[in-house]
Amino acid sequence: MTPAPSPQALRRRGRVLAVLANLCFSSGGFWIRTLEAPPSGYEIVFWRSMAMTLVLALVLAVWHRGRVLAKIRAVGPWGIVSAAFLASTFFAFILSVTRTTVANTTVVMSLAPLFGAIAGFLFLGERVALRTWIAIAVAGAGLAAMLLDSLSGDGVAGILFALGVPFGLAANVVINRRHGRHVDMVPTVLIAGLLSIPVALPLAMPFEASGRDIAVILVMGTIQLGAGCLLITLAMRHLPAVEIGLFTLLETVLGPVWVWLAYGEAPTAMALSGGSLIVGALLVNSLLERRRDEPAGGG
């Protein structure tokens, strides 16, 4: 009989999966910039959600066979509410990246752990460590710098839409913690896709995307969102939340790199300074938390 993998081996597997997941997630801006004649953000959400939903439905069908519907029903009413907030982040990301730089979008999205800490403090009475309050203050200064740099209509709109991602994810933190159980992520993401499709459809009409651009969006939905969600779900089985949070910074760093290398889209000096404050605050806070939580000699 094959021996069970050691905890260290499982942790290494989780790290590989987390890296692959964030490589997928970081490609979102690249795919958007690849579009020749970008349609409305709502049409992009529609086709992207269609592709992701089909991929996840097929994976669930293979994993659970005849128990797919039971797995979906098992998330319960609060799982559906959680999925609705997740669906809102699909819209927020696309509407942001079509209005501002990929760097601005991904950096603002990376505020999710800090928004989650604030939501836990306000709605669940959870204690927030002093270092996290300091990180929130530093990240807030960075966000203010980015907003000042974007004081033209669309630039500000893009950043405000990007804030919808950490808001939606923070709401998920409150829902999952308050109701005392973890919701299986894959069925919840599938439900989020099913919710976003009918919302996006009337807003996407009339369809404007060319066949080539639809193909690009479908690939984006399959790789960036579908594969990314599956890989991060598998990684979560082997890694603590704080380490998952550290790996998400890969998306923040790599997302702008891909569009800079491919399309020369570079952030301004002010946006780069503000983004550096945010990423630095998140990195230091996560490393300190990991150091506190990791057992001696851990992994």
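Look up: the structure comes first, before these words.
Since the model is a prediction, treat every value here as computed from it, not as a measurement. (Residues numbered from 1 in each chain as written. Predicted model: local features only at pLDDT ≥ 70, side-chain atom pairs only at ≥ 80, totals over all residues. Heavy atoms only, no water.)

Draft legend 1. The side chain of Thr-132, seen in detail. Inspection of the secondary structure assignment puts Thr-132 in helix H8 (residues 130-149). Among the polar contacts listed, one links the side chain of Thr-132 to the side chain of Asn-285, at a separation of 3.1 Å. When residues no more than four places from it in sequence are discounted, the contact partners of Thr-132 are Leu-114, Ala-117 and Asn-285. (Helix = DSSP H or I, 4+ residues; strand = E, 2+ residues; numbered from the N terminus. Polar contact = N/O pair within 3.5 Å; in protein donor to acceptor, adjacent residues only side chain to side chain. Contact = heavy atoms within 4.5 Å.)

Draft legend 2. A look at empty space enclosed by the protein. Summed over all chains, the structure comprises one cavity of 30 Å³ or more. The computed volume of the largest cavity comes to approximately 40 Å³. Taken together, Phe-25, Ser-26, Gly-28, Gly-29, Phe-93, Val-102, Thr-106, Glu-251 and Gly-255 make up the lining of the largest cavity. For the lining of the largest cavity, the secondary structure elements donating two or more residues are helix H2 (28-34), helix H6 (102-109) and helix H12 (241-263). (1 Å grid on protein atoms, 1.4 Å probe; cavity = no way out; pocket = protein on both sides within 12 Å on 5 of 7 lines; lining within 4 Å. Points joined across faces, edges and corners; volume = space filled by probe spheres on them.)

Draft legend 3. Spotlight on the pattern of salt bridges. Taken as a whole and judged by the stated rule, the model has three salt bridges. Between Arg-212 and Glu-36 there is a salt bridge, with the nearest N and O atoms lying 3.4 Å from each other. You can see Arg-212 sitting in helix H11 (residues 211-236) and its partner Glu-36 sitting in the loop between H2 and helix H3 (41-64), a full 176 residues away along the chain. Using a relative accessible area of 36% as the deciding quantity, one classes Arg-212 as partly exposed. What makes Glu-36 exposed here is its relative accessible area of 59%. Between Arg-212 and Asp-213 there is a salt bridge, with its nearest N and O atoms 2.9 Å apart. Exposure remark for Asp-213: the relative accessible area of 0% places this residue in the buried category. Members of the salt-bridge network, linked through shared partners, are Glu-36, Arg-212 and Asp-213. (Salt bridge = Lys/Arg side-chain N within 4 Å of Asp/Glu carboxyl O. Buried < 20%, exposed > 50% of the residue type's maximum accessible area, 1.4 Å probe, protein only.)

Draft legend 4. Highlighting the packing of H3 against H11. Their axes nearest at 7 Å, the elements H3 and H11 cross at an angle of 45 degrees. In terms of their interaxial angle, H3 and H11 are classed as oblique. The element H3 and its partner H11 pack so that their crossing is right-handed. Here H3 contributes Ile-44, Trp-47, Arg-48, Ala-51, Met-52, Val-55, Leu-56, Val-59 and Trp-63 to the contact with H11, which in turn contributes Ile-214, Ile-217, Leu-218, Met-220, Gly-221, Thr-222, Gln-224, Leu-225, Gly-226, Leu-230 and Leu-234. Looking at the contact of H3 with H11 residue by residue, the classes come out as 15 nonpolar, four polar and one charged. (Axes fitted to C-alpha atoms, helices over the stretch in contact; angles between N-to-C directions. Parallel < 35°, antiparallel > 145°, perpendicular 65-115°, else oblique. Left-handed = near helix turned anticlockwise from the far one by under 90°. Nonpolar A, V, L, I, M, F, W, Y, C, P; charged D, E, K, R; others polar.)

Draft legend 5. Representation of a nonpolar patch on the surface in the model. A contiguous nonpolar surface patch, about 640 Å² in accessible area, is contributed by Phe-121, Leu-122, Phe-123, Leu-130, Trp-133 and Ile-134. Of all the elements in the fold, those that place two or more residues in the nonpolar patch are helix H7 (112-124) and H8. Mapped onto the elements of the fold, Ile-134 is located in helix H8. (Patch = residues over 30% accessible without salt bridge, like charges linked within 9 Å, V, L, I, M, F, W, Y side chains within 5 Å. Areas by Shrake-Rupley, 256 points an atom, 1.4 Å probe, with all protein chains shown as cover.)

Draft legend 6. Expanded view of the layout of surface pockets. Of the pockets and cavities examined, the second largest pocket occupies roughly 220 Å³. Lining the second largest pocket we find 14 residues, and of these Ala-103, Val-107, Thr-252, Pro-256 and Leu-272 sit closest to its centre. Among the elements of the structure, H6, H12 and helix H13 (269-293) are those that each provide at least two residues to the lining of the second largest pocket. When residues of the lining of the second largest pocket are assigned to their parent elements, the largest contribution, five residues, is made by H13. Looking at the lining of the second largest pocket residue by residue, the classes come out as 10 nonpolar, four polar and no charged.

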